[in-house]
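Residues per chain are reported as follows:
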Amino acid sequence: MNPITVSELTIYPVKSLRGNSLQQSLLTSEGLQHDRRWMVVRDDGRFVTQRDWPTLALIETAMEEDGVVLSRAGHGNHKLLFDAAPGESISSKVWNDSVETSDEGDAASAWLSAACGSKFSLRLVRMAPGFTRSHSNTDRFGKENATKFADASPYLLANQDSLASLNAELQARGHQPVPMNRFRANIVVQGLPPFSERNTEFLYGENYAFALREACERCVVPTIDQHTASKDPQQEPFKTLTDINPMPGKRTPAFAENSVLLRGAGQLISVGDVLRPAF
């Protein structure tokens, strides 16, 4: 087997907005540092993602020492501070998980709504002080693990060789290949055989270890071009991925693994790290 290495690291400071590619990141039990720290909601607290509003993909997120700067060409920018005073409390949900959040205020809402061209108010929220979102599926992810606003798990780990296999099949069927950013993974590895991450239980680095708990069932987001916010008219790669790597017992596609940190909180993970698998 080829050496297994970390090839990409990405954080998404605001759920469903553009990500930041990193060479190194701090590991925490809730994910890579600053990942999914904020979320977009409607006035009633209902969370909003690219599934509802693809234009979110066009909002850039630039990391600074004290916060993150949101921007879109023609709309200027707006900065969110890490240590801002808590705003109005809003109750929301991430799928089945109830979360208590703190609103970022009217100025952030006005900027984001205008930048997205939204006819209704979009608001930005962070976790309320002292609130921890536990996993709804503790049997798979463990009572000791938590996450912020990610859909399911603290880490989404993808395999570059699986993407290469998917793209080869897409091209064989007359479709265009897709980049890894369609799948919004935090950690990308290379060196595992295509789709063998489905059967990999653990990946060990020198100072950390991940448990790969379950395949990530994909929605329509991978059909959205992350640079134009346009959906593929032929619903690719959703259809092809359903054929070559479906969820067990379903006609839905799977890609990447929902994962948790077994050990190594406070350690650094870097592009180029060598990993050891356990099947």
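Residues numbered from 1 in each chain as written. Predicted model: local features only at pLDDT ≥ 70, side-chain atom pairs only at ≥ 80, totals over all residues. Heavy atoms only, no water.

This paragraph deals with the pairing of strand β13 (residues 155–159). Burial of β13 is extensive: 5 of the 5 residues sit out of reach of the surface. Relative to strand β17 (residues 254–263), β13 is paired through 3 bridges, and the arrangement is antiparallel. Each residue of the ladder has a partner; that of L157, found in β17, is E257. With 3 bridges connecting them, β13 and strand β14 (residues 187–190) associate as parallel partners. Paired with A158 across the two strands is V188, which belongs to β14. Crossover β13 to β14 through helix α3 (residues 160–172) is right-handed. (Buried < 20%, exposed > 50% of the residue type's maximum accessible area, 1.4 Å probe, protein only. Helix = DSSP H or I, 4+ residues; strand = E, 2+ residues; numbered from the N terminus. Pairing = 2+ DSSP bridges. Right-handed = clockwise from strand over helix to strand, strands pointing away.)

It is worth spelling out the packing of aromatic side chains at this point. Evaluated as defined, the whole model comprises 8 aromatic pairs. Geometrically, the ring pair formed by F183 and F255 is stacked, given 4.1 Å between the ring centres and 25° between the ring planes. Linking F183 in the loop between α3 and β14 with F255 in strand β17, this pair joins segments that are 72 residues apart in sequence. You'll find F183 and F255 in the same group, each marked buried. Centre to centre, the rings of F202 and Y204 are 6.0 Å apart; their planes meet at 35°, and the pair counts as tilted. Judged by its relative accessible area of 21%, F202 falls in the partly exposed class. In textbook terms, an aromatic cluster arises when at least three aromatic residues are bridged by ring pairs, as seen for Y155, Y208 and F210. In this structure, R37 packs its charged tip against the face of W38, placed 5.8 Å from the ring centre. The cationic tip of R42 hangs over the ring face of F120; the distance from NZ or CZ to the ring centre is 4.1 Å. (Phe/Tyr/Trp six-rings, centres within 6.5 Å; stacked < 30°, edge-to-face > 60°. Lys NZ or Arg CZ within 6 Å of the ring centre and 35° of its normal.)

Once that is clear, we can look at the side chain of R36. Summarising the element assignment, R36 is placed in the loop between β4 (31–32) and β5 (38–41). Taking relative accessible area as the criterion, R36 reaches 11% and is therefore assigned buried. Engagement of the side chain of R36 in a polar contact is seen with the side chain of D35, the distance being 3.1 Å. (Polar contact = N/O pair within 3.5 Å; in protein donor to acceptor, adjacent residues only side chain to side chain.)

Time to look at the nonpolar core. Formed by 19 residues in total, the largest nonpolar core has its most connected members in V14, V40, I59, L70, L80, L112 and L124. Only β5, β8 (67–71) and α1 (106–116) provide two or more residues apiece to this core. Counting residues per element, this core draws most heavily on α1, which supplies 5 residues. Ignoring anything within four residues of it in the chain, the contact list for L80 reads V14, W38, D66, G67, V68, L70, E104, A108 and L124. Counting 18 residues, the second largest nonpolar core, distinct from the first, contains L27, V189, F210 and L275. (Core = buried A, V, L, I, M, F, W, Y, C linked by side-chain atoms within 4.5 Å. Contact = heavy atoms within 4.5 Å.)

All of the buried residues in α1 are A108, S109, W111, L112, S113, A115 and C116. In this structure, the buried side of α1 is in contact with β5, β8, β9 (77–81) and β12 (123–127).

Residue P237 follows E236 across a cis peptide bond; omega there is 10°. In this model, W95 sits at a positive phi of 55°, which is unusual for a non-glycine residue. Mapped onto the elements, W95 comes out in the loop between β10 (89–94) and β11 (97–103). Despite not being glycine, F195 shows a phi value in the positive range, around 65°. Looking at the element boundaries, F195 is found in the loop between β14 and β15 (202–204).

What follows is about the sheet that holds β10. Each strand in a sheet pairs with its neighbour through backbone hydrogen bonds, running either in the same direction (parallel) or in the opposite one (antiparallel). Strand order in the open sheet made by the 5 strands is β6-β5-β12-β11-β10, with antiparallel pairing throughout. Unpaired on one side and paired on the other, β6 (47–48) and β10 mark the two borders of the sheet.

In the structure shown here, the tally under the stated rule is 16 salt bridges. Measuring nitrogen to oxygen at the nearest pair gives 2.6 Å for the salt bridge that ties D66 to K79. Placement of the pair is D66 in the loop between β7 (60–64) and β8 and K79 in strand β9, with a sequence separation of 13 residues. What makes D66 partly exposed here is its relative accessible area of 35%. The salt bridge partner of E217 is K250, with a shortest N-O separation of 3.1 Å. (Salt bridge = Lys/Arg side-chain N within 4 Å of Asp/Glu carboxyl O.)

Remember that the coordinates give geometry; whether it matters functionally is a separate question.
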